[in-house]
Amino acid sequence: MSVGKQASGSEAAAPMVAGVRLEAMRRRVRLSRLALWTVIAAGPVALGVAITSTPATVEAATPTRPAAVRTTAAADPAGYAQLFVGAWLRSSADDATGAQALLVQSMAPDVELPAPSPGAQSRLASVTAVRSAHRAGDVWSVTVAAQYAGAAVRYYAVPVAVDRAGAAFAVTAEPGVVAGPALIDVSASSYGVSVPEGDLTSAVGEFLGAYLTGAGEVDRYLAPGVKLSAVSPSPYSTVRVQQVLAAEKAAAAEQMPGDGTRVHVRAQVEARDAGGRWPLAYEVVLKARSGRWEVAGLESGTAQAGGAR
């Protein structure tokens, strides 16, 4: 048979094959409809059986619904309690329509206002939440420190109710004056090795000078792969190292250790600006490479952030 005849035969066969497939699909649809009406006529039991025996391909075609997301009441009401105590201490029962009194009433409708002596309101300097404790159910207890002029500090315990979504709060009673947090015994510092003046102290001093004063580029003191931005704007004019203590003896060795040696140090420095002299401390990780110490990490604060702290 010639190529032309083969081609014409193939072109003629294509519609025939398509027609056969279309007829087969129509036949399956008719049979499915007939089976469905038969099941409906047979009653609910047969219908249930037919539904459970539906092919997996039909089930796979059903759009998938996203899983429901549930939130838990984990909101800490520390900021709410801090705002309340500040307004409560500045309010007065003699001025129930004042701004501070109205704020208190909006946050705690059932709480009684104080009655301070004339002029006593100005003695409050700052208010800070220092501790939050989650009680049973939706009740929290927040301890708030109020600092007054003259450095006196008074601590208040504030009961706060939180809704399940963690989006609504209410102070449920007047605050109570409580004892402040106790001072704990601090364990001995891990920085017990005194580091003499030398390459390591110089590396630390030059790095912190660039980090805090902008004198020089910070990158030149960093180990490969370490990213660290200087504080900006530079807060100090000069920085001088007072003492360097290390956790490893290798930091105080007379000879430079081998490449890859890491040491952890705490550097106490004196920083100066137009406002005075400021004692600061920094925990720095250094790594030996090619006969010099390079900064491998700054553990005091967030190393990736370059803003003033």
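Residues numbered from 1 in each chain as written. Predicted model: local features only at pLDDT ≥ 70, side-chain atom pairs only at ≥ 80, totals over all residues. Heavy atoms only, no water.

A. View of the overall build of the chain. In terms of helices and strands, the chain carries 6 helices and 10 strands. Here the chain holds 309 residues, and the buried ones make up 28% of them. Total accessible area on the chain stands at roughly 20,000 Å², and carbon and sulfur atoms take up 56% of it. (Helix = DSSP H or I, 4+ residues; strand = E, 2+ residues; numbered from the N terminus. Buried < 20%, exposed > 50% of the residue type's maximum accessible area, 1.4 Å probe, protein only. Areas by Shrake-Rupley, 256 points an atom, 1.4 Å probe, with all protein chains shown as cover.)

B. Structural context of the side chain of Glu-270. Checked against the element boundaries, Glu-270 lands in strand S8 (residues 262-273). Accessibility expressed as a relative area gives 13% for Glu-270, which makes it buried. A distance of 3.1 Å separates polar atoms of two side chains, one belonging to Glu-270 and the other to Arg-272. Residues within four places of Glu-270 in sequence aside, it is in contact with Thr-238, Val-239, Arg-240, Gln-242, Arg-277 and Trp-278. (Polar contact = N/O pair within 3.5 Å; in protein donor to acceptor, adjacent residues only side chain to side chain. Contact = heavy atoms within 4.5 Å.)

C. View of the environment of Gly-150. Secondary-structure assignment places Gly-150 in the loop between strand S2 (139-148) and strand S3 (153-162). What makes Gly-150 exposed here is its relative accessible area of 76%. With 26 residues separating them in the primary sequence, Gly-150 and Leu-124 have C-alpha atoms 9.7 Å apart.

D. View of unusual backbone geometry. The omega angle of the peptide bond from Ser-232 to Pro-233 is -5°, so this bond is cis rather than trans. Along the chain, the position of Pro-233 falls in the loop between helix H6 (199-213) and strand S7 (238-246). Phi at Ala-151 is positive, roughly 75°, even though this residue is not glycine. Inspection of the secondary structure puts Ala-151 in the loop between S2 and S3.

E. Representation of the packing of helix H4 (residues 78-90) against helix H5 (residues 99-107) in the model. Between H4 and H5, the shortest axis-to-axis distance is 8 Å and the interhelical angle comes to 140°. Judged by the angle between their axes, H4 and H5 are oblique. Both H4 and H5 take part in a crossing whose hand is left-handed. Between H4 and H5, the residues in contact are Tyr-80, Leu-83, Phe-84, Gly-86, Ala-87, Trp-88 and Arg-90 and Gln-100, Leu-103, Val-104 and Met-107, respectively. Each residue belonging to the contact of H4 with H5 can be placed in one class, and the counts come to 8 nonpolar, 2 polar and 1 charged. (Axes fitted to C-alpha atoms, helices over the stretch in contact; angles between N-to-C directions. Parallel < 35°, antiparallel > 145°, perpendicular 65-115°, else oblique. Left-handed = near helix turned anticlockwise from the far one by under 90°. Nonpolar A, V, L, I, M, F, W, Y, C, P; charged D, E, K, R; others polar.)

F. Fine view of H5. The complete set of buried residues in H5 reads Ala-101, Val-104 and Met-107. Along H5, the residues classed as buried sweep out an arc of 130° about the axis, all on the same side. For H5, exposure combined with an orientation more than 90 degrees from the buried face picks out Ala-99 and Ser-106. Those residues of H5 that are buried lie in contact with H4 and strand S4 (169-171). (Arc of directions from axis to C-beta.)

G. Quick peek at the sheet that holds S7. Spatial ordering of the open sheet is given by S6-S7-S8-S9-S10, a layout of 5 strands whose pairing is antiparallel. On the outer flanks of this sheet lie strand S6 (193-194) and strand S10 (292-298), each paired with one strand and no other. Bridging between S6 and S7 involves 2 bridges; their strand directions are antiparallel. Bridge pairing links Ser-194 to Leu-245 in S7. Docked against the sheet, H6 engages S7, S8, strand S9 (276-289) and S10, running at close to 140° with respect to S7. (Pairing = 2+ DSSP bridges.)

H. Seen up close, the nonpolar core. Residues Leu-200, Phe-207, Leu-208, Tyr-211, Val-265, Tyr-282 and Leu-286 are the most contacted members of the largest nonpolar core, which totals 32 residues. Those elements that provide at least two residues to this core are H6, S7, S8, S9 and S10. With 8 residues, the single largest contributor to this core is H6. Formed by 24 residues, the second largest nonpolar core is a distinct cluster that contains Ala-78, Val-104, Met-107 and Ala-146. (Core = buried A, V, L, I, M, F, W, Y, C linked by side-chain atoms within 4.5 Å.)

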